[in-house]
Amino acid sequence: MDRSGRDPGGPADSVKSLMVSNYWSEAAAEKARRVEPDVIDLVFRIKARQLPADHAFALSTALQTALPWLVTEKKAAIHLIHGAQSSNGWQRPDDDGVIELSGRTRLTLRLPHSRLDDTHALIGQTLSLCGHALSIGDARTRPISPLSTLFAHYIHVPATAEAEPQFLEAAATWLEALSIIPRKMLCGRTRYLSTPQGPLVTRSLLVADLSPKEALRLQTEGLGDHRLLGCGVFVPSKSIAAVYDPEEEH
């Protein structure tokens, strides 16, 4: 115990230690301004009992077969599907397992507004993902968020940036190319997505302290490669809990 009665080896210090890096600096708050984003999320009701945990390639292939224009639509992205037990989509079963789906599970595509009508062709279709049937129901739109903290479950990791410091440097370079100042970033553990060309190496990434314009730009453009495999797709996050797992320290 220190003089404050706090255990210096406790979880609070573990979290604090994560923040001590070149990518965690304070910045003045910016008043939100109304900006009309170029993209929007289209959220489909789905019906399925289970899906493979590692379903990125199967889902991407099935959707591109149903919607051939996806492959040439630069701002299209696919959100991977997370099960009821996934703790908001982060704590998932082993990659060779399956995820259990609930009636609240949704399929989400990020699209330019001009493609919304085209995408409604999915309604009523049943996709086959590695032997699992996925029936697609009606859809609603969901605007992307100007919140200052965003999280991507998967960011493609280049072969030259597999170590955490190199990955953060690469992410900072990508953000700067989008005219986004990388003030605060945290990355999570490495995960792999199966493809016919071999496993795709990914990491999660949380980016914080964004201005509203930066947040909308990052969700519109994404980060890194393989947007149709669910990589580089950002969603709002309220805390660093998405990437901080105290169990990994033991």
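To start, this report covers the structure provided alongside it. Keep in mind the model is a prediction, meaning the values are calculated, not measured.

### Regarding the side chain of Q219
With respect to the element layout, Q219 can be found in helix α5 (residues 212–221). The buried category is assigned to Q219, whose relative accessible area is 3%. Leave out the neighbours within four places in its chain, and Q219 touches V39, R110, I144, S145, L150, F234 and P236.

### A closer look at unusual backbone geometry
For S179, which is not a glycine, the phi torsion comes out positive at approximately 60 degrees. Since its relative accessible area comes to 55%, S179 is described here as exposed. Phi is positive for D209, close to 65 degrees, though the residue is something other than glycine. The topology assignment puts D209 in the loop between β10 (200–208) and α5.

### Details of helix α2 (residues 56–66)
Of the residues making up α2, those classed as buried are A56, A58, L59, S60, A62 and L63. The secondary structure elements touched by the buried residues of α2 are β3 (77–78), β5 (106–112), β6 (126–129), β7 (132–142) and β9 (184–193).

### Brief notes about the sheet that holds β10
Here we have 4 strands laid out as an open sheet, ordered β9-β10-β8-β11, and antiparallel in their pairing. The open sheet has two edge strands, β9 and β11 (234–236), and neither has a second partner. With strand direction ignored, the average angle separating the axes of adjacent strands in the sheet is 20 degrees.

### Re the side chain of D54
Structurally, D54 is set in the loop between β2 (50–52) and α2. Taking relative accessible area as the criterion, D54 reaches 17% and is therefore assigned buried.

### Here's the deal with the nonpolar core
Among the nonpolar cores identified, the biggest contains 36 residues, and L59, L63 and L134 are the most heavily contacted of them. Sorting the residues of this core by element identifies β1 (39–47), α2, β5, β6 and β7 as the ones contributing at least two each. The element that contributes the greatest number of residues to this core is α2, accounting for 5 residues. Once residues within four sequence positions are removed from consideration, L134 is found in contact with I46, K47, A48, L51, L59, I81, Q125, T126, L127 and L129. Grouped together as the second largest cluster of nonpolar side chains are 21 residues, A152, A172, A215 and L218 included.

### Here's the deal with the pairing of β1
The element β1 is largely enclosed, with a buried count of 7 among its 9 residues. Where β1 and β5 come together, 7 bridges link them in antiparallel fashion. Counterpart to R45 in the pairing with β5 is R106. Summarising the sheet, β1 and β7 pair through 6 bridges and their orientation is antiparallel. Each bridged residue has a counterpart across the sheet, and for K47 the counterpart in β7 is S135.

### Overview of the sheet that holds β5
The strand order across the open sheet formed by 5 strands is β3-β5-β1-β7-β6, and the pairing between neighbours is antiparallel. A strand with exactly one partner marks an edge of an open sheet, and here the two such strands are β3 and β6. When β3 meets β5, the two strands line up antiparallel, connected through 2 bridges. Across the sheet, I78 pairs through a bridge with L109, a residue of β5.

### Section: the pattern of salt bridges
The tally for this structure, following the rule as stated, stands at 8 salt bridges. Ionic pairing is found between D38 and K75, a salt bridge with its closest N-O pair at 3.2 Å. Taken as a pair, D38 in the loop between α1 (11–19) and β1 and K75 in the loop between α2 and β3 lie far apart in primary sequence, 37 residues in all. Given the relative accessible area of 45%, D38 is considered partly exposed. Salt-bridge contacts for D41 lead to R110; the nearest nitrogen and oxygen are separated by 2.8 Å. Of this pair, D41 sits in strand β1 while R110 sits in strand β5, placing them 69 residues apart in sequence. The two residues D41 and R110 agree in class, both being buried. Residues participating in the shared-partner salt-bridge network are D38, K75 and E221.

Parameters at a glance
Residues numbered from 1 in each chain as written. Predicted model: local features only at pLDDT ≥ 70, side-chain atom pairs only at ≥ 80, totals over all residues. Heavy atoms only, no water. Helix = DSSP H or I, 4+ residues; strand = E, 2+ residues; numbered from the N terminus. Buried < 20%, exposed > 50% of the residue type's maximum accessible area, 1.4 Å probe, protein only. Contact = heavy atoms within 4.5 Å. Pairing = 2+ DSSP bridges. Axes fitted to C-alpha atoms, helices over the stretch in contact; angles between N-to-C directions. Core = buried A, V, L, I, M, F, W, Y, C linked by side-chain atoms within 4.5 Å. Salt bridge = Lys/Arg side-chain N within 4 Å of Asp/Glu carboxyl O.

Such coordinate-based values are descriptive only and should not be taken to indicate function.
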